Amino acid sequence: MSIRRNALLAAIGLTSALALTISGCAGTGGTEAPASSGQGDIPSDTEGTVRILMESVPDTDIVVDLVDSFNEEYPGIAVEIETLGFDQMRDKLIASFQSSEPTYDLIVVDNPWMDDFVDAGFLQPLDDRITTTTDYAAEDFFQPLVDITEVDGVRYGVPFYNYALGYLYRTDLYEEAGLSVPSTLDELVANSQALTTSERTGIAMQPQRGYKIFEEWANWLFAAGGSIYDESGAPTLNTPEAQAALEAYIEAFTTAAPANSSNWAFDEAFRSVSGDQSAAMISYNWNLPGLNDPEGASGDLAGSFALAPMPGGKQVLGSWSWAIPANSAASDAAWAFAAWITSTEVDVERVVAGGAAIRESTLTDPTVLESGFGEDYYAAIIEILSDAAPLSQGLGGEEMIQAVGTELSEAVAGTKTVEQALADAQAAVERIQR
Amino acid sequence: MTRMTRFRWGMLAPVLAITGVAVGFPLGYAFYLSLTDYRLTSRGAPDVVGLENYFFVLTDPRMWNAFSNTATYVIIAVALQTLLGLAIALALQKQQWARDLTRAMLLAPMFITPIAVGLTFRFLLNDQLGALPAMLRSLGIDYDFFGPGNALFTLALMDVWQWTPFMVLLLLAGLESVPRQPLEAAKVDGASAWYAFRRVVLPLLTPVLTVAVLLRSLDALKVFEYVYATTRGGPGTETETIQYFTYQTGIQFFRLGEASAVAFVLLAIVLTLIVLLFRRLQRSAAR
Amino acid sequence: MTRRVSPWGIARTLLLWAAAVTVAFPIIWVALASFKSPAQLNDPGLFLFSPNLDNWARVFEAGILDAAGRSAFVAAVTVSISVVAGSMGAYAISAYKAGGSATRFGILAAQVLPPAVLVFPFLTMAYALRIDNTYVPIIFAHLSFVLPVITWFLIGFFDAVPRSLEEQARVDGFSRFAAFRLVVIPQVLPGIGAAAIFGFTLSWNDMFYGLILAPTRETILPVAIAAFNTFRGVELGAMSAAIIIAVVPVVIASFFIQRRLVQGISGGAVKF
């Protein structure tokens, strides 16, 4: 009896599986190509709906707030923005590509995904639109941000916002200790140790396994004079510079970072700094306005934070770009919105509202300097964005970042030696590149 | 076909049909994917590569590490839940005062979505932001909840917090169905409470315990949210569980074919364990 | 006459208090956090402060009640289908000994398959049948783990019903199905209730399927809660408020149903 029943179950399962697999493949096979002009200048009487999937971050809120003024110029285009947390958004985005039916008309792409998405044919090339948009001034974007949107010489996106890192520190504590902002890796370690007291640690670190630790440590690597890739694109993670950087990182972690913080990520570190428990952190440049906001988490400490480039001047760059998916149902309307929000005039508005920088001219614009978050802040950002590099290049970016981040975490946890961890990281990246 | 067989199949039909679609199809499709080089970034039909994915994952030390982490997690979590659950169920059974309130309260953790439990504990156990380390420190204890060697144990404790109520629920039900007679007979014979528990209650409770342990183990094998919310598999790969590993491989790294192969290796192992367990139970029941 | 306090009695009371404190502490901590300002959240030792309702306003604005409503809807539909189909199937398996005990455990094994692997087959199916952006895919995904568990639970309940009851009903002129529906089902009603609540919990707690399969712009509760974990940090205050909103109704409900739940399960599900 039981055998017969099981056989039947299996048969039902297999038949339905087979039938649906075939129809399923057929469903994902072709992409419908909705009408699109491919041109840059979109007439203001264009009609349509632009469905956008975005990450729920303040930069998105600023974009949402600007939709009304977009509609003054393009009354016929409805903009529908769906926001989700980072990982959810990513999972949902990839799921949406599997559909032949258009799901989103405009998306934002994080830099490690760019090459994979382009390779898979998920994104539309934007070169023609960019060059034919009147007064777009594409050369005004910070070059490192543009580099991220470019795959094999073709641009598939325009910058949305940067998340380059920098050194965020308490000016009052630096003054009290008679220190100046570190200019070498050794000074970074020494300053962090000097700022460590019984009430407070010198630097809140983010050694959580995976993305976080690599994103933080790579700044130390640059400060040590190292790099992630060489000119030819081969990884350079097993070098004397990398070793010095990892040793310094571990030294700072054990002597100048909060106790028991080996799973810390951005959140914990930010709270530690804003809660007067740590004197500094290495994080995204746009955290400064948040730290200095009296309504925010720092309370009375607001106003005593400042931003500086990493010692040595080079830092890790992250960047979100606007891109139009291949299965977008409203490419023209989508470009109208992307071009409008990244235009020189609107960018000033966006940055004044607290949006992260993408254009050089915006950061020297008188309106921004007057009503923004202070000249020093923008000067530091210009410096940061002129020398910054992303964590990954080429295909498999996400996997490469996770693999390196795992090895670094092993070294910090003490389960691998520094040499072993770096050799394994190097090997892992070489394997992923193959 | 007799009327009886027709009735029997008629009764089975809805559950078979739904299971066919809801379980059979994804299972069959995932099995097909496990034989291909399918990536989420590939378009059109993937190439069939036979057992290549299986050979690859079976020789991947990361997968075996994830398996052993998961097994450790399940054993610690379920063992603690069973002991605590049994103790609490015994205590609750005798309790008179505020009975419904206590029980309702003790069951609450089950109804909190695991991702929220993970995030709550991430901060509750944080050395600077959390209330628990602050209290421990005032007692002179310094404990690194998510540090090397401790993190997996901490995750298991989160599971204990959330799912001991489930054990309590099942065991309480089991205790209520234990007949009074043998217990009273044991008391008349002058047996100690412990002796009565061990010789009378526990044997009667064995079926319930088996079911509870099995259900919890299968569910604990699916641990994902806690890892995702707190350690992301670190330090190193100490808390990389099988679900987190398949999530990374299949979705973050796009290699769904390979991830499907991992899933079927897991299924094979779990099925084998269940069959072995079942054989033993049958044998001990026959004795 | 004074009642002697036994050491067992003391141990029992202590254990229950310890359990209550352990369960309540994180929940109270979350409840407090939901009334804290961002700066106050940095201070774990802060128990007395002037509460502020910003977080609550934020989560209500974010539509947390709608999300809870959608979750309840998905769970209710999933459980209803599971109870009807599951009780019929379970009865057939129990009364006619369809399938050995190994099958009964085998039903559960598919549970261990990672959602990360199963979710894309579901998605492909949804796209192929043009039912994406409806609640059908997520309900089917939830059925994949709720239906087996409910069926499996119910087999035990039906095992506990004496066959003579049904035979008597047949003698009295009931059809097989009528005997099942009118005589057997009432016997196992508490058990069905228990199984339904358990199934509801499973569906209510699932985040992963909900994330990818739920219709666009119609997030379910766990996804809405997870969304407070953002790139710029976890919005602890708002998330805490959302958690409390998700927990309070079920705790109140469990106050009323827990006794039936215990009775229901003790009716016989827990046999193998």
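Residues numbered from 1 in each chain as written. Chains lettered and ligands numbered in written order. Predicted model: local features only at pLDDT ≥ 70, side-chain atom pairs only at ≥ 80, totals over all residues.

### Quick look at the overall build of chain C
Step number 1: Each helix and strand in chain C was counted, giving 12 helices and 2 strands.
Step number 2: When the elements of chain C are put in sequence order from the N terminus, they spell out α-α-α-α-α-α-α-α-α-α-α-β-β-α.
Step number 3: Within chain C, the fraction of its 272 residues that count as buried is 56%.
Step number 4: Considering only contacts within chain C whose residues lie at least 6 apart along the sequence, 78% involve residues at least 24 apart. (Helix = DSSP H or I, 4+ residues; strand = E, 2+ residues; numbered from the N terminus. Buried ≥ 20, exposed ≤ 12 C-beta atoms within 10 Å, placed from the backbone. Contact = placed C-beta atoms within 7 Å.)

### Observations concerning unusual backbone geometry
Residue and element names in this part refer to chain B.
Step number 1: Following Gly-234, the chain continues into Pro-235 via a peptide bond in cis, with omega recorded as -5°.
Step number 2: We note that Arg-232 has phi near 55°; this positive angle belongs to a residue other than glycine.
Step number 3: Mapping Arg-232 onto the fold places it in the loop between α10 (225–230) and α11 (242–252).
Step number 4: Looking at Arg-232, the number of C-beta atoms within 10 Å reads 23, which means it is buried.

### Some remarks on the interface of chain A and chain B
Step number 1: Listed as interface residues are 39 residues of chain A and, on the opposing side, 38 residues of chain B.
Step number 2: Broken down by secondary-structure element, the contributors of at least two residues to the side of chain A that touches chain B are α1 (2–29), α3 (86–97), α4 (114–119), α11 (266–274) and α17 (397–413) of chain A.
Step number 3: Per-element tally for the side of chain A that touches chain B: the top contributor is α1 of chain A, with 10 residues.
Step number 4: Counted by class, the side of chain A that touches chain B contains 12 nonpolar, 18 polar and 9 charged residues. (Nonpolar A, V, L, I, M, F, W, Y, C, P; charged D, E, K, R; others polar.)

### So, the sheet that holds strand β9 (residues 305–308) of chain A
The strands that make up a sheet are held in pairs by hydrogen bonds between backbone atoms, and each pair lies either parallel or antiparallel.
All names here are of chain A.
Step number 1: Taken in spatial order, the 3 strands line up as β8-β7-β9 in an open sheet, and their pairing is antiparallel. Each edge of the open sheet carries a strand with a single partner, namely β8 (280–284) and β9. The sheet shows a mean angle of 35° between the axes of neighbouring strands, taken without regard to direction.
Step number 2: Summarising the sheet, strand β7 (residues 165–170) and β8 pair through 5 bridges and their orientation is antiparallel. Each residue of the ladder has a partner; that of Leu-168, found in β8, is Met-281.
Step number 3: Set on the sheet, helix α16 (residues 375–386) makes contact with β7 and β9; between it and β9 the angle comes to about 25°. (Pairing = 2+ DSSP bridges. Axes fitted to C-alpha atoms, helices over the stretch in contact; angles between N-to-C directions.)

### Concerning the environment of Arg-62 of chain B
All names here are of chain B.
Step number 1: As for its position among the elements, Arg-62 is in helix α3 (residues 61–94).
Step number 2: Take Arg-62: there are 16 C-beta atoms within 10 Å of it, and that puts it in the partly exposed class.
Step number 3: With 157 residues separating them in the primary sequence, Arg-62 and Asp-219 have C-alpha atoms 22 Å apart.
Step number 4: Apart from residues no more than four positions distant in its own chain, Arg-62 is found in contact with Thr-237 and Phe-245.

### Thoughts on the nonpolar core
Step number 1: Grouped together as the largest cluster of nonpolar side chains are 320 residues, with contacts concentrated most on Leu-171 of chain B together with Ile-225 and Ala-242 of chain C.
Step number 2: Residue contributions to this core peak at 17 residues, all from helix α7 (residues 151–176) of chain B.
Step number 3: The contact partners of Ala-242 of chain C, leaving out residues within four places of it in the chain, are Val-59, Ile-64, Ala-224, Ile-225 and Phe-228 of chain C. (Core = buried A, V, L, I, M, F, W, Y, C linked by C-beta atoms within 7 Å.)

### Re the packing of α3 of chain B against helix α1 (residues 7–33) of chain C
Step number 1: Where α3 of chain B meets α1 of chain C, the axes come as close as 9 Å, and the angle between the chain directions of the two elements is 115°. Classified by the angle their axes make, α3 of chain B and α1 of chain C are roughly perpendicular. Classified by chirality, the crossing of α1 of chain C by α3 of chain B is left-handed. Only Arg-12, Leu-15, Leu-16 and Ala-19 of chain C of α1 of chain C make contact with α3 of chain B, whose side of the interface consists of Ala-87, Ile-88, Ala-91, Leu-92 and Lys-94 of chain B.
Step number 2: In terms of residue class, the contact of α3 of chain B with α1 of chain C is made up of 7 nonpolar, no polar and 2 charged. (Parallel < 35°, antiparallel > 145°, perpendicular 65-115°, else oblique. Left-handed = near helix turned anticlockwise from the far one by under 90°.)

### Considerations on the interface of chain C and chain B
Step number 1: On the chain B side, the residues contacting the 77 residues of chain C number 81 residues.
Step number 2: Of all the secondary-structure elements, those providing two or more residues to the side of chain C that touches chain B are α1, α4 (64–95), α5 (101–109), α6 (115–128), α7 (136–159), α9 (176–205), α11 (221–226) and α12 (236–266) of chain C.
Step number 3: With 15 residues, the single largest contributor to the side of chain C that touches chain B is α12 of chain C.
Step number 4: A per-class count over the side of chain C that touches chain B returns 57 nonpolar, 16 polar and 4 charged.

### A short note on the pairing of strand β2 (residues 77–84) of chain A
All names here are of chain A.
Step number 1: Relative to β2, strand β1 (residues 48–55) runs parallel, the two being bridged by 8 bridges. In the strand pairing of β2, Arg-51 is matched with Glu-80.
Step number 2: Crossover β1 to β2 through helix α2 (residues 58–73) is right-handed. (Right-handed = clockwise from strand over helix to strand, strands pointing away.)

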